Amino acid sequence: MATISSTTVAPNGLPIHRVALPGTRAVTVLVAFDAGARTERPAENGMAHFLEHLVFKGGERYPTYRDVNETAERMGGVLNAYTSHDLVAFHITVRASAASEAIDLLSDFVARPRLDGEELDRERGVVIQEINRAYDQPSTVAEYLIDRAAFGEHPLGRTVLGPEENLRSFTREGIVSFRERRWAGERGAALLVGNLEDVPPEEELTELFARFPALPAPDPYVRAPAFEPEVLVEQRDTNQSHLRMIYRPDVSVADLRQRAAMAIYSTLLGGSMGSRLFDEIREKRGLCYSVYAVDHAFADMPILQLGSGLESGKCVEAYGRMREIVDELRAEGPTEEEVARARAYAAGRLVLAFENTGAVARHAASEAIVFGADIDPDAAIAALDAVTFDEVREVSSGVSESLAVACVGPHEAAEFA
């Protein structure tokens, strides 16, 4: 079982959480902030992700990208970062004996980035290539379309990467301003997860994380909009179509128990090979190779997304049957047997995921920053185990009848009426 050893707060307001996981030789150090794509102003779209790239170019003690990369490799570490709509996060996983060096490295280049002008221009071209590559992939375009179909012009409807024209306009001054506006310690978290035997003592640890500047609390994010879903199609003359659908469940994301019930519902709907979508759409009808349902909770709103990649001639039939399955669950509810099976599968999958220190750190960052909730991984597993049949049935009956639809392929929007 995990042990929450301690939570302290650095002078800059940054909480420092320790989560001990017995039986592992590794430790993950992760720092995250409430500074994802949904916190950007329209002209800043893409800036949170671009800043994520730029900090890797070096800090004060490790002044170049080569210093950062080679130092991580010398300690046998895996160094990475991610930007979502809700968060930006930086993390390194190393053997436990290298904990002090890993914290020193991460807290240097993330907290004290040089943001060199020449490196900015060089990396600008790299990210523009990343943007263009994404638009070459129909499945990624379908993800972009479904967000816009569900959220419109709200920040959640924009891409995390942003448009190419924005990347070309970003200045160093604008990027520094965004960072100073959003990277406040009290809206962030530092996490140490795994084998904590060689983590430095509290005084030294606090000094390292105090490298982050003390900044005023940021303004709240723009609240999620009312659900006014659209149907969006990008026509491509292809043999395969990429279909996405978003429903809005009636679930309070602030309630861990309700989020757990939503996870079990999405599992029985399309989260496993025993799910209704997989059994009906793939196995019985042979309409596709891939079909799924996944739940996601933003800071203030839940969504249920369905998706499939399939032969274009079968796309509309699959869409109709996928809608019918959601409608059937709304009207009739799931069976007790499938809830029991989905509950066991969802909890077991989380247990296996939490064998990885990085997965525990990412979960804890989301719980702490997005929801202000308990970061204990055992609490998340226990929440799934405790969900009842009636709670899952309530989720299924509360899924919206309206839905957003996006498709990339040789189709017209009228086909998805």
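Figured I'd write up the structure that's included with this text. (Residues numbered from 1 in each chain as written. Predicted model: local features only at pLDDT ≥ 70, side-chain atom pairs only at ≥ 80, totals over all residues. Heavy atoms only, no water.)

### Some details on the side chain of Asn-12
Mapped onto the secondary structure, Asn-12 falls in the loop between strand 1 (3–9) and strand 2 (15–20). A relative accessible area of 8% places Asn-12 in the buried class. At 3.0 Å, the side chain of Asn-12 and the backbone oxygen of Phe-209 are in polar contact. Engagement of the side chain of Asn-12 in a polar contact is seen with the backbone oxygen of Phe-212, the distance being 2.8 Å. Leaving out residues up to four positions away in the same chain, Asn-12 has contacts with Gly-185, Glu-186, Phe-209, Ala-210, Phe-212, Pro-213 and Ala-214. (Helix = DSSP H or I, 4+ residues; strand = E, 2+ residues; numbered from the N terminus. Buried < 20%, exposed > 50% of the residue type's maximum accessible area, 1.4 Å probe, protein only. Polar contact = N/O pair within 3.5 Å; in protein donor to acceptor, adjacent residues only side chain to side chain. Contact = heavy atoms within 4.5 Å.)

### Some thoughts on the pattern of salt bridges
Taken as a whole and assessed by the stated rule, the structure comprises 31 salt bridges. Arg-124 is paired through a salt bridge with Asp-121; the nearest N and O atoms lie 2.8 Å apart. Of this pair, Arg-124 and Asp-121 both sit in helix 4 (residues 117–135), 3 residues apart, roughly one helical turn. Assessed through its relative accessible area of 11%, Arg-124 is described here as buried. Of the residues examined, Asp-121 reaches a relative accessible area of 49% and is grouped as partly exposed. The salt bridge involving Glu-143 is made with Arg-244; its shortest N-O contact spans 2.6 Å. (Salt bridge = Lys/Arg side-chain N within 4 Å of Asp/Glu carboxyl O.)

### Examining the sheet that holds strand 9 (residues 290–297)
In spatial order, the strands read 7-11-8-10-9; together these 5 strands make up an open sheet with mixed pairing. Each edge of the open sheet is held by one strand with a lone partner, namely strand 7 (231–235) and strand 9. When the angles between neighbouring strand axes are averaged without regard to direction, this sheet yields 10°. Sheet topology note: the strand 7/strand 11 (residues 404–409) ladder contains 5 bridges and is parallel. Residue Leu-232 lies in a different strand from strand 11, and its bridge partner there is Ala-406. Here helix 11 (residues 315–332) sits on the sheet in contact with strand 8 (240–247), strand 9, strand 10 (302–311) and strand 11, set at roughly 20° to strand 8. (Pairing = 2+ DSSP bridges. Axes fitted to C-alpha atoms, helices over the stretch in contact; angles between N-to-C directions.)

So far we have only geometry, and geometry alone does not tell us how the molecule works.
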